[in-house]
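Listed below are the residues making up each chain.
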Amino acid sequence: MQQNLNNTRLTELQEKVELLERRIAIMGFVFKIVTLLLFILMAVKIIYNLYIFAISTDESHLMVEDELGLNLNSRKITVEVYYEALCPDSKHFINRQLKPTNSKIGPYINISYVPYGKAKTRANDTSWSFDCQHGELECQGNIVHACGIKYIDDPLSRLNFVSCLITNGWKPEEYGEKCANQVSYPWGPLRDCARSAEGIKLHKVYGDMTHRLQPPVSFIPTILLDQIFVDQREALKNLIGSVCSILKALSHRPCSSYSHGQAQNFNRKVRCYLFIGAMVEAKAVCDTALFLIDSE
C-alpha cells in the first residue's frame, strides 16, 4: 500500500514537472514572439528616423529673407554686444552667431559694439589706465577694436573688421592692420587712434557703458536687444531666434515658424538626436538578434 502511495505521489510530481515545463515552453515562445515584434518595431523606427534625418538635412526651406514674413517697414532691433578682445566666448559668439544673424536679417538689426568686458578703469592725474581680464594685451586689443568701431562707417565692413580682429586677437596691431586692409580701410587713422589718448578715452567710455549695466555684467559676452537683458543663454546660442521673437511682436506679420534660426537650430538638434537615437537603437536591435540566435 505504501508503494502504491509513493507511485501516486511520483506520478503527481511528474505531472507537475511536465506542466511546469509546458508553461516554461509557452512563456519562452511568447517571449520570443514579443521580442521579435519589438525587433520589428525598432527596425521600423530606425528606418523612419534615418529617413527624417536624410530629408531634414536639406535646409533649402530655411532661407530667411523672403520667408521671414517681416513687415519691411518694421523698425530695426538694436543688438548690443558687450565683449572683450581675448575672450574665447566673445570670439565664438561674434563668428558663430552675430555674423550669421547679420547675413540673414542684417536689414532688420543695428549692431552696437562695446569692447571692454570685465576690465577695470583707474583714474590717473590726466588720463586713465585699465586692468583687463586677460591682461594688458587685451586692453590693447579692446582699444584697437574701439578705434575700428569709431572710424569704419560701413556696418558690414565694421562687423568684418571686428570678426577678423577678435579671431587673431593676440597681435592686435599687426592684425589690426591686416583686418583693416581686408575691409579696404586705411590703417593709419586706426593706428593713430589706438596709440593716442583718443583710444584710451574710447575704452574709458565703453567701460562706463559696461559698468552702468543693471544687473552688472557677470558673463562675457553679454547681449542686449533694444536695451533689454534678454535670456542670455538663448541669445548666445541662438541670436537670430531671439531677435526674431522681438520682430514678431513688432511686425504686422510674424516670422515664419520654420524659416528663422530658432527653427533651424531646433531642426539641427532634432537631426542629431534622431541620428544618435537611431544608432543606439541599431545596437539594441543587433543585441536582440544575437540573443534570439543564441537562445535557439
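Before going into details, it helps to say that this report is about the structure given with it. (Residues numbered from 1 in each chain as written. Predicted model: local features only at pLDDT ≥ 70, side-chain atom pairs only at ≥ 80, totals over all residues. Heavy atoms only, no water.)

Counted residue by residue, strand β1 (residues 77-83) has six buried out of seven residues, so it is predominantly covered. Bridge count for β1 against strand β2 (residues 109-115) is seven bridges, and the pairing is parallel. Of the residues in β2, the one forming a bridge with Val81 is Tyr113. At this point the chain moves from β1, through helix α2 (residues 88-105), to the parallel β2, and the crossover so formed is right-handed. (Buried < 20%, exposed > 50% of the residue type's maximum accessible area, 1.4 Å probe, protein only. Helix = DSSP H or I, 4+ residues; strand = E, 2+ residues; numbered from the N terminus. Pairing = 2+ DSSP bridges. Right-handed = clockwise from strand over helix to strand, strands pointing away.)

In this section: a nonpolar patch on the surface. On the surface, a cluster of nonpolar side chains totalling about 1000 Å² of accessible area is made up of Ile26, Phe29, Val30, Ile33, Val34, Leu36, Leu37, Leu38, Ile40, Leu41 and Val44. With respect to the element layout, Ile33 can be found in helix α1 (residues 2-56). Among the residues examined, Ile33 registers a relative accessible area of 37% and is labelled partly exposed. (Patch = residues over 30% accessible without salt bridge, like charges linked within 9 Å, V, L, I, M, F, W, Y side chains within 5 Å. Areas by Shrake-Rupley, 256 points an atom, 1.4 Å probe, with all protein chains shown as cover. Salt bridge = Lys/Arg side-chain N within 4 Å of Asp/Glu carboxyl O.)

This next bit is on the state of the cysteines. The full count for this structure, using the stated rule, is three disulfides. Sulfur-sulfur distance for the disulfide between Cys147 and Cys193 comes to 2.0 Å. Its S-S torsion of approximately -75 degrees makes the covalent link between Cys147 and Cys193 left-handed. In this pair, Cys147 sits in helix α3 (residues 136-151) while Cys193 sits in helix α6 (residues 187-194), placing the two residues 46 residues apart along the sequence. Covalent S-S linkage joins Cys164 and Cys179, the inter-sulfur distance amounting to 2.0 Å. (Disulfide = S-S within 2.5 Å.)

Moving on, we get to the side chain of His145. Here His145 shows up in helix α3. Beyond its immediate sequence surroundings of up to four residues, His145 is in contact with Tyr83, Ala85, Pro115, Val162, Leu165 and Ile166. (Contact = heavy atoms within 4.5 Å.)

Looking now at the packing of α3 against helix α4 (residues 155-167). The contact between α3 and α4 brings their axes to 10 Å, and the two run at 165 degrees. When the axes of α3 and α4 are compared, the pair comes out roughly antiparallel. Of the two possible hands of crossing, α3 and α4 adopt the one that is right-handed. Here α3 contributes Gly141, Val144, His145, Gly148 and Ile149 to the contact with α4, which in turn contributes Arg158, Phe161, Val162, Leu165 and Ile166. A per-class count over the contact of α3 with α4 returns six nonpolar, three polar and one charged. (Axes fitted to C-alpha atoms, helices over the stretch in contact; angles between N-to-C directions. Parallel < 35°, antiparallel > 145°, perpendicular 65-115°, else oblique. Left-handed = near helix turned anticlockwise from the far one by under 90°. Nonpolar A, V, L, I, M, F, W, Y, C, P; charged D, E, K, R; others polar.)

Here α3 is 16 residues long and its end C-alpha atoms lie 23 Å apart, about the 22 Å a rise of 1.5 Å per residue gives. For α3, the full list of buried residues reads Glu138, Cys139, Gly141, Asn142, Ile143, Val144, His145, Ala146, Cys147, Gly148 and Ile149. (Expected span 1.5 Å × (residues − 1).)

Looking now at a negative patch on the surface. Side chains of Glu12, Glu15, Glu18 and Glu21 sit close together on the surface and give a patch of like negative charge. Residue classification places Glu12 among the partly exposed residues on the basis of a relative accessible area of 43%. (Lys, Arg positive; Asp, Glu negative; His and termini not counted. Charge placed at Lys NZ, Arg CZ, Asp CG, Glu CD.)

For soluble globular proteins, the rule of thumb is that nonpolar side chains tend to be buried together. Core analysis: the largest hydrophobic core is formed by 50 residues, its most contacted members being Val79, Leu98, Phe161, Ile223 and Val243. Excluding residues that lie within four positions of it along the chain, Val79 makes contacts with Leu98, Ile109, Asn110, Ile111, Ser112, Ile223, Leu224, Leu225, Leu239 and Val243. (Core = buried A, V, L, I, M, F, W, Y, C linked by side-chain atoms within 4.5 Å.)

Sheet strands associate in pairs through backbone hydrogen bonding, adopting either a parallel or an antiparallel arrangement. Across the sheet, four strands lie side by side as β2-β1-β5-β6; this open sheet has mixed pairing. Of all the strands in the sheet, just β2 and β6 (228-229) have a single pairing partner and so form its edges. Looking at chain direction, β1 and strand β5 (residues 222-225) are connected through four bridges and run antiparallel. Counterpart to Val81 in the pairing with β5 is Ile223. Along the sheet face, α2 touches β1, β2 and β5 and points at about 160 degrees away from the line of β2.

Turning our attention to unusual backbone geometry. Where the residue is not glycine, phi is negative for most of them; where a peptide bond is considered, it is trans in most cases. At the junction of Gln214 and Pro215, the peptide bond is cis and its omega measures out at 0 degrees in the coordinates. Along the chain, the position of Pro215 falls in the loop between α7 (197-211) and β5. The omega angle of the peptide bond from Ile220 to Pro221 is 5 degrees, so this bond is cis rather than trans. Position of Pro221 among the secondary structure elements: in the loop between α7 and β5.

Moving on: the pattern of salt bridges. All told, the structure shown has seven salt bridges when counted by the stated rule. Where Glu174 meets Lys171, a salt bridge forms, and the shortest distance between an N and an O atom there is 4.0 Å.

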